[in-house]
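A structural walkthrough
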Amino acid sequence: MPILKSIVHTIDKAGSDAPATLTPAAAAINDSATMSELVAGLNKAYHGKAKAWGRFAEGDEAGDFTPRLSAYLADDQDFVTFSRELAGKITALVDDHLPLGGHLLIAHERQGDTDYLSLALLHMRQGFGLDAEQKVIATSQLNLTQPSLAARINLTQWQDDASPSRQYLSFLRDRGGKKLADDFATLLGAQEGVDASSETRTLLKAFSDYVEQEDLPEEQSREKTDAVIDYASDQASRGEPITLDELSELVDEQQPKAFYDYIRQQDYGLSPEIPPDKRALNQFRRFTGRAGGVSISFDSHLLGSSVEYDADQDRLIIKKVPTALRDQLQRS
């Protein structure tokens, strides 16, 4: 993962009543193994957080961030100047919304054939280390897990007019309050698209409905569930969308378009590419149990709808009996 350009500007603010001031860096940081590891650690933490997904707005709502970004990518403006102007605007957000400043990391990186621009307002946290004499000392380090502001742009998808993805921009929404997030989106000229959490839950429900319709054996159902969750979780960890075409091939290798066609026929309203939500993926699991010759297994989202648990009498109520099981019961 080469870092093409990176820089860190410092935004100072002593408290809620103090003004925020920018101390810009004089030059970009040379690429190094340390910087690559830092950006990789930031990306890993960022991919696991709740985010808004979307694209750049057009017309009057676009703002001036995209023209400046375009100028940088076209070599009409150098990286340091571009980053300083962006840091100045973020300093104004810190002044309005945050009690403390931080260090603004801006990095242009390449992963395979794809370029990304990442930015994050990081803070210092206290920790412990050892000096040359093996004595414990207090030390400070950048906290990569709790940035106040962060965004990530898939530059390659944004610049590719033929790309089907319209969700190439993401930014944090769970830190600093709604007004800060809204103003940050305005600064970027971001237009929100799909709701990642809602889309992920709908996709998982569509998968469960499909498995139920196909009336697959339990072992095969579990294998397909594991494959879907592994794929979606891997995409989430890399900050990439779930592609319905790829997912459909995983669900049924013999009929690679079957799940995709099922989604379209049932009109779930899903986008061709879905930003995965890790929280929704982590909550998707199966309840299983076996005792006294009885084996029960069902997807967690069915609890409360197709399956009810009566805690007082310790019993499960199944509202929709699987077809194969119903046939067996009727024949008996």
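Figured I'd write up the structure that's included with this text.

Definitions and limits used
- Residues numbered from 1 in each chain as written.
- Predicted model: local features only at pLDDT ≥ 70, side-chain atom pairs only at ≥ 80, totals over all residues.
- Heavy atoms only, no water.
- Helix = DSSP H or I, 4+ residues; strand = E, 2+ residues; numbered from the N terminus.
- Buried < 20%, exposed > 50% of the residue type's maximum accessible area, 1.4 Å probe, protein only.
- Contact = heavy atoms within 4.5 Å.
- Lys, Arg positive; Asp, Glu negative; His and termini not counted.
- Charge placed at Lys NZ, Arg CZ, Asp CG, Glu CD.
- Polar contact = N/O pair within 3.5 Å; in protein donor to acceptor, adjacent residues only side chain to side chain.
- Salt bridge = Lys/Arg side-chain N within 4 Å of Asp/Glu carboxyl O.
- Core = buried A, V, L, I, M, F, W, Y, C linked by side-chain atoms within 4.5 Å.
- Phe/Tyr/Trp six-rings, centres within 6.5 Å; stacked < 30°, edge-to-face > 60°.
- Lys NZ or Arg CZ within 6 Å of the ring centre and 35° of its normal.

A closer look at the overall build of the chain
- Helix and strand counts for the chain come out as eleven helices and 15 strands.
- Expressed along its principal axes, the backbone C-alpha trace of the chain runs to roughly 80 × 55 × 40 Å.
- Within the chain, buried positions represent 42% of all 332 residues.
- In the chain, once contacts between residues fewer than 6 apart in sequence are set aside, the share between residues at least 24 apart is 62%.
- Mean positive and mean negative side-chain charge positions of the chain (35 and 53 charges, respectively) differ by 4 Å.

A closer look at the side chain of Gln 235
- Structurally, Gln 235 is set in helix 7 (residues 218–237).
- Engagement of the side chain of Gln 235 in a polar contact is seen with the backbone oxygen of Pro 241, the distance being 2.7 Å.
- Apart from the residues within four sequence positions on either side, Gln 235 is in contact with Glu 240, Pro 241 and Pro 276.

Details of the pattern of salt bridges
- Within the structure shown, the criterion is met by eleven salt bridges.
- Of the charged contacts, one joins Lys 89 and Asp 64 as a salt bridge, the two residues approaching to 3.5 Å between their closest N and O atoms. Taken together, the positions of Lys 89 in helix 3 (residues 79–97) and Asp 64 in the loop between strand 3 (51–56) and helix 2 (65–73) put the pair 25 residues apart, joining distant regions of the chain.
- Classification of Asp 64 by relative accessible area gives partly exposed; the value is 30%.

Re the nonpolar core
- Core analysis: the largest hydrophobic core is formed by 37 residues, its most contacted members being Phe 65, Leu 69, Ile 90 and Leu 188.
- Per-element accounting of this core gives the leading share, eight residues, to helix 3.
- Discounting chain neighbours no more than four positions away, the residues touching Ile 90 are Ile 11, Leu 104, Leu 119, Leu 149 and Leu 187.
- Core analysis: the second largest hydrophobic core is formed by 23 residues, Tyr 260, Ile 263, Ile 274 and Leu 281 among them.

So, the packing of aromatic side chains
- This structure, assessed with the given rule, holds eleven aromatic pairs.
- Plain terms: the ring middles of Phe 56 and Phe 65 are 6.0 Å apart, the flat faces sit at 55 degrees to each other, and that makes the pair tilted. When sorted by exposure, Phe 56 lands in the same class as Phe 65, which is buried.
- Linked through ring pairs, Phe 56, Phe 65, Tyr 72, Phe 79, Phe 82, Trp 158 and Tyr 168 together constitute an aromatic cluster.
- Taking the ring centre of Tyr 46 as reference, the NZ or CZ of Lys 51 above it sits at 5.1 Å.
- Sitting over the face of the ring of Tyr 260, Lys 257 holds its NZ or CZ atom 4.1 Å from the ring centroid.

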